[in-house]
Amino acid sequence: MTSNETTQNHQSRGLGGDLPTVLVDQIELHVREQLRPRLEGLSDEEYFFDPSGAGRAWTAHPRTPDGEQPPTPVQGGSGAMAIDVEIPAPDPAPLTTIAWRFGHIIVGLLAMRSHNHLGGPPADYMSWDYAPTARETLAQFDAEYERWITGVRAWGAEDLQVAAGEAEGPWAKHSRATLVAHINRELIHHLAEIALQRDLWAHRG
């Protein structure tokens, strides 16, 4: 037996290292313990706050009446509220309000993936009923996050190795584990951006 094999045989097995636990615990720690508490008390003024200071940030807003020019060529949404969209997206990407960013998180990251992979109701940017208030958008976020994480919890180690499938386009052959890790990263990234926007609001001049 080589010295390397001897060392490996004497190493103890770590706790909590199985893939399903690692993926779920990672996002639950950030969302439940850190990021979601940072959203408590979000006001409608903050929700629609334009960080550009020039009225150019993409946002969610009352739908532009027929015959009037909307802020962007495409207005997403099916209800009284619309969300700014441009295809392809401009470069550099515009600043966005918390309202717009929540639209992206709730629909693009959570609701669409729950529909594609977990049997959730149909969802896309054009058919979503965007929330007109901070309270309602937080309720939408909580519901869609719970739907997604409940489905992910049900995937065991073998389930996570299944290919994500054609709903993920060019990433169709990548595993569900890769998809879950991607959603984790995106949630942490965008919710942290919202937390920063709350700081900008609190310290505005």
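Look above for the structure.
Everything numeric here is computed off the predicted structure, so don't read it as measured data.

(A) Representation of the packing of aromatic side chains. Under the defined criterion, the tally for this structure stands at six aromatic pairs. Ring plane angle 70° and centroid distance 5.2 Å describe the contact between Phe49 and Trp201, whose orientation is recorded as edge-to-face. Note that Phe49 is positioned in the loop between helix H3 (44-47) and strand E1 (60-62) and Trp201 in helix H6 (residues 176-202), a separation of 152 residues in sequence. A relative accessible area of 18% means that Phe49 is categorised as buried. Taken together, the ring pairs connect Phe102, Phe141 and Tyr145 into an aromatic cluster. Sitting over the ring of Trp201, Arg204 keeps its end group 3.6 Å from the ring centre.

(B) Spotlight on unusual backbone geometry. Geometrically, the link from Ile87 to Pro88 is a cis peptide bond, its omega value of -5° lying close to zero. Here Pro88 shows up in the loop between strand E3 (81-85) and helix H4 (98-118). Note that the residue after Asp91, namely Pro92, is joined by a cis bond; omega there is 5°. Here Pro92 shows up in the loop between E3 and H4.

(C) Layout of the sheet that holds E3. Spatially, three strands are ordered E1-E3-E2 in an open sheet, and the strand pairing comes out antiparallel. Each having just a single partner strand, E1 and strand E2 (74-76) make up the two edges of the open sheet. Going from strand to strand, the sheet's axes swing by 45° on average, the running direction of each strand aside.

(D) Examining the nonpolar core more closely. Within the largest apolar cluster, 44 residues are counted, with the highest numbers of intra-cluster contacts made by Phe102, Ile105, Leu110, Phe141, Tyr145, Leu187 and Leu191. Elements represented by at least two residues in this core include exactly helix H2 (19-35), E3, H4, helix H5 (134-153) and H6. Sorting elements by how many residues they give to this core places H4 first, with ten residues. In this structure, Phe102 is in contact with Leu39, Leu42, Thr137, Leu138, Phe141, Leu191 and Ile194, ignoring residues within four places of it in sequence.

(E) The side chain of Arg36, seen in detail. Inspection of the secondary structure puts Arg36 in the loop between H2 and H3. The exposure class of Arg36 is buried, given its relative accessible area of 15%. Apart from the residues lying within four places of it in its own chain, the contact partners of Arg36 are His30, Val31, Leu138, Phe141 and Asp142.

(F) The pattern of salt bridges, seen in detail. Within the structure shown, the criterion is met by eleven salt bridges. The partner of Arg36 in a salt bridge is Asp142, and the shortest N-O contact between them spans 2.8 Å. On the criterion of sequence distance, the pair formed by Arg36 in the loop between H2 and H3 and Asp142 in helix H5 is long-range, its members being 106 residues apart. Of the residues examined, Asp142 reaches a relative accessible area of 33% and is grouped as partly exposed.

(G) The arrangement of the packing of H5 against H6 in detail. At a minimum axis separation of 12 Å, H5 and H6 run at an interaxial angle of 155°. As the angle between them shows, H5 and H6 are arranged roughly antiparallel. Read as a crossing pair, H5 and H6 show a hand that is left-handed. The residues of H6 that touch H5, namely those facing Phe141, Tyr145, Trp148 and Val152, are Leu179, Val180, Ile183, Leu187 and Leu191. Grouping the constituent residues of the contact of H5 with H6 by class yields nine nonpolar, no polar and no charged.

Calculation criteria
- Residues numbered from 1 in each chain as written.
- Predicted model: local features only at pLDDT ≥ 70, side-chain atom pairs only at ≥ 80, totals over all residues.
- Heavy atoms only, no water.
- Phe/Tyr/Trp six-rings, centres within 6.5 Å; stacked < 30°, edge-to-face > 60°.
- Helix = DSSP H or I, 4+ residues; strand = E, 2+ residues; numbered from the N terminus.
- Buried < 20%, exposed > 50% of the residue type's maximum accessible area, 1.4 Å probe, protein only.
- Lys NZ or Arg CZ within 6 Å of the ring centre and 35° of its normal.
- Pairing = 2+ DSSP bridges.
- Axes fitted to C-alpha atoms, helices over the stretch in contact; angles between N-to-C directions.
- Core = buried A, V, L, I, M, F, W, Y, C linked by side-chain atoms within 4.5 Å.
- Contact = heavy atoms within 4.5 Å.
- Salt bridge = Lys/Arg side-chain N within 4 Å of Asp/Glu carboxyl O.
- Parallel < 35°, antiparallel > 145°, perpendicular 65-115°, else oblique.
- Left-handed = near helix turned anticlockwise from the far one by under 90°.
- Nonpolar A, V, L, I, M, F, W, Y, C, P; charged D, E, K, R; others polar.

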